[in-house]
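Examining the three-dimensional arrangement
What follows is each chain in one-letter form.
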Amino acid sequence: MIEFNKPFVTSKLPNIKNLDHYSSGGPYTKKCQQWLIKEIKCKDALLVHSCTGALEMCALLLNIKNGDEIIMPSYTFVSTANAFVLRGGKPVFVDIDPETCNIDLSKIEQAISKKTRAIVVVHYAGVSCDMDLILKIAKRNKLYVIEDAAQAILSKYKGKPLGSLGDLATLSFHETKNIHCGQGGALLINNPKFIRRAKIIRDKGTNKDLFNQNMVKKYTWVDYGSSYGLSEINAAFLSSQLSKAKKITKKRRENFFMYQSRLKNLAKNKKIKIPFIPKNCFHNGHIYYLHVKKGKRAKLIEYLKKRGINTVFHYVPLHLSHFGKKKCKTIGKLFFTTNLSKSLLRLPMHYVIKKNEIRRVCDEIEKFFK
């Protein structure tokens, strides 16, 4: 079986028996946060237990209240919307660009109302949204920008790392991502006004960070918060992964472009559609996907499964979900979101996949269409 995903583990892992600190906030946490600040060029970075947790912190930092609206694509994971719904906010879904599966920039302004507080952009498959235009729209309308960069570590837009452009950004270190620690995440902060409060929210609503800096004699409950920190055991694992992050990214990009080269003739003959990468984007090879014509995806999945190749589709659009219809707002018919979600097929993509396995996947796809 050619597996869809195999989480990569570096050969040298820290000896956690030697740790003298196992909960969040130890030396490995600090080491990982320093790496993120250096490589992503954000103002500050906080390790948290998940990207979901980081998104929930964004909602708290923005003081989202009942009825506040947050513009985002429907083609994303449930956490992107749920983080704001938990605070009483109302996600406002707009369509995606069929070329990149990212938010359709032409639809954002018509979704803005007096209740709009923020725009959440999702860099799908590690491919950047057009951040220049999004930031201009946000500035013109006095809105915050949050980058859901769960899939986009070490991707760039015009040479700038994704996660360094919005007021806030989130990363995922779930085992399905390029860099992982089983399960974890990070909140990246670029708007300095959020730094101090973000640490309070992470530390269960206490001013523990000030206590650790000897700025207060005792720490106490001062704000909203929860137990968002990442355990030191996970942080130790993550630190070894981050040390190989550029090597992992390089290999995944090689795998991506091998797929792209092998399947371009099928795309030229309009049997499938392959990913489009804008010129201003350096992507991290997180996902390789196809768009298959209507009615063919299920047959192709079954065909490949019988030949030992595991493939999957991706999100069910949130605007079509039971809870999405109940709690969210949709602008327009979201034609491309609905249709592309029915055609998108993800191929096996991970660090340890072999070149002959990629060739075999491509051979079988070619045979299917012949």
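As the structure is a computational prediction, the values presented were derived from the model and not from experiment.

Brief notes about the sheet that holds strand β3 (residues 90-94)
Reading across the sheet, the eight strands line up as β1-β9-β8-β5-β4-β2-β3-β13 and stay open at both edges, with mixed pairing between neighbours. Each of the sheet's edge strands pairs with one partner strand only, and the pair in question is β1 (44-48) and β13 (329-330). The sheet strands contacting helix α2 (residues 51-61) are β1, β5 (144-148), β8 (168-172) and β9 (185-189), and the helix crosses β8 at an angle near 165°. Sheet strands touched by helix α4 (residues 131-140): β4 (116-122) and β5. Its angle to β5, the strand with the most contacts, is close to 150°.

Quick notes on the pattern of salt bridges
One pass over the full model with this rule turns up 15 salt bridges. Measuring nitrogen to oxygen at the nearest pair gives 3.2 Å for the salt bridge that ties Arg117 to Asp68. One end of the pair, Arg117, is in strand β4; the other, Asp68, is in the loop between α2 and β2 (69-73), with 49 residues separating them in the sequence. A relative accessible area of 14% places Asp68 in the buried class.

Some words on helix α12 (residues 355-369)
Since the α-helix advances by 3.6 residues per turn, residues separated by three or four positions end up pointing in the same direction. The terminal C-alpha atoms of α12 lie 22 Å apart, and with 15 residues this matches the ideal 21 Å at 1.5 Å per residue to within 8%. Those residues of α12 lying buried are Ile358, Val361, Cys362, Glu364, Ile365 and Phe369. An end-on view of α12 places all buried positions within 160° of arc, on one side of the element. Contacts from the buried residues of α12 go to α8 (245-268), β10 (272-273), β12 (289-292) and α9 (297-306).

Some words on the sheet that holds β12
Here we have three strands laid out as an open sheet, ordered β10-β12-β14, and antiparallel in their pairing. Only two strands of the sheet have a single neighbouring strand rather than two, namely β10 and β14 (344-346). On top of the sheet, α9 reaches β12 and β14; it is set at about 15° to β14, its chief contact.

Observations concerning helix α5 (residues 195-202)
Taken across its eight residues, α5 has seven buried, putting it largely inside the fold. Of all the positions in α5, only Ile195, Arg197, Ala198, Lys199, Ile200, Ile201 and Arg202 are classed as buried. Residues of α5 that are buried in the fold lie against α1 (27-40), β1, α2, β9 and α6 (208-212). A positive phi of about 65° marks Lys204, the residue just after α5.

Conventions adopted
- Residues numbered from 1 in each chain as written.
- Predicted model: local features only at pLDDT ≥ 70, side-chain atom pairs only at ≥ 80, totals over all residues.
- Heavy atoms only, no water.
- Pairing = 2+ DSSP bridges.
- Helix = DSSP H or I, 4+ residues; strand = E, 2+ residues; numbered from the N terminus.
- Contact = heavy atoms within 4.5 Å.
- Axes fitted to C-alpha atoms, helices over the stretch in contact; angles between N-to-C directions.
- Salt bridge = Lys/Arg side-chain N within 4 Å of Asp/Glu carboxyl O.
- Buried < 20%, exposed > 50% of the residue type's maximum accessible area, 1.4 Å probe, protein only.
- Expected span 1.5 Å × (residues − 1).
- Arc of directions from axis to C-beta.

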